[in-house]
Amino acid sequence: EWMEPQETANQYEANLRHMVLRSQQSGAKVMLISFWGPNKTDYLTRLSDISRDLNVPILSYQGPRLDIVHPTKDGYRVVGKRIFDTFEKKGWLE
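Residues numbered from 1 in each chain as written. Predicted model: local features only at pLDDT ≥ 70, side-chain atom pairs only at ≥ 80, totals over all residues. Heavy atoms only, no water.

### Examining the packing of aromatic side chains
- This structure, assessed with the given rule, holds five aromatic pairs.
- Clustering of aromatic rings is evident, with ring pairs tying together Tyr12, Trp36 and Tyr43. (Phe/Tyr/Trp six-rings, centres within 6.5 Å; stacked < 30°, edge-to-face > 60°.)

In structure tokens, the structure reads:
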């Protein structure tokens with residue numbers, strides 16, 4: 001079962017957009033990882049907007065979880081491989 005977010009979708013977008021921009025300005029490579037469930041379309045839309053607007057890849061995790069957010073051991077393997085594959089595709093590995 002999903003907990004209700006602690007902030008509105010507008011606050012979420014503003015905060016995340018600010019963090020991504022600050023990270024990019026410092027020279028960091030940014031990748032977003034979504035653990036939102038399908039019932040949070042307003043938050044998913046905001047996340048997709050940020051990804052598109054700021055040219056940031058997004059990984060959406062919908063696999064098995066230990067709790068509301070955290071993947072299982074096998075889930076972390078999947079997430080880790082997808083992160084690595086995205087970094088490799090983007091040329092972020094040296």
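Moving on, there is more to tell.
### Observations regarding helix α1 (residues 9-25)
- Taking 1.5 Å of rise per residue, 17 residues should cover 24 Å, and α1 covers 24 Å from first to last C-alpha, within 8% of that figure.
- Residues Ala9, Tyr12, Glu13, Leu16 and Val20 constitute the buried set of α1. The buried side chains of α1 occupy one side of the element, clustering within an arc of 95° when seen end-on. Every exposed residue of α1 that faces more than 90 degrees away from the buried side is listed here: Asn10, Arg22 and Gln25.
- Buried residues belonging to α1 abut β1 (32-34) and α2 (41-53).
- Of the residues one or two after α1, Gly27 is the one with positive phi, at around 95°. (Helix = DSSP H or I, 4+ residues; strand = E, 2+ residues; numbered from the N terminus. Expected span 1.5 Å × (residues − 1). Buried < 20%, exposed > 50% of the residue type's maximum accessible area, 1.4 Å probe, protein only. Arc of directions from axis to C-beta. Contact = heavy atoms within 4.5 Å.)

Functional significance is not addressed by these values, which are geometric in nature.
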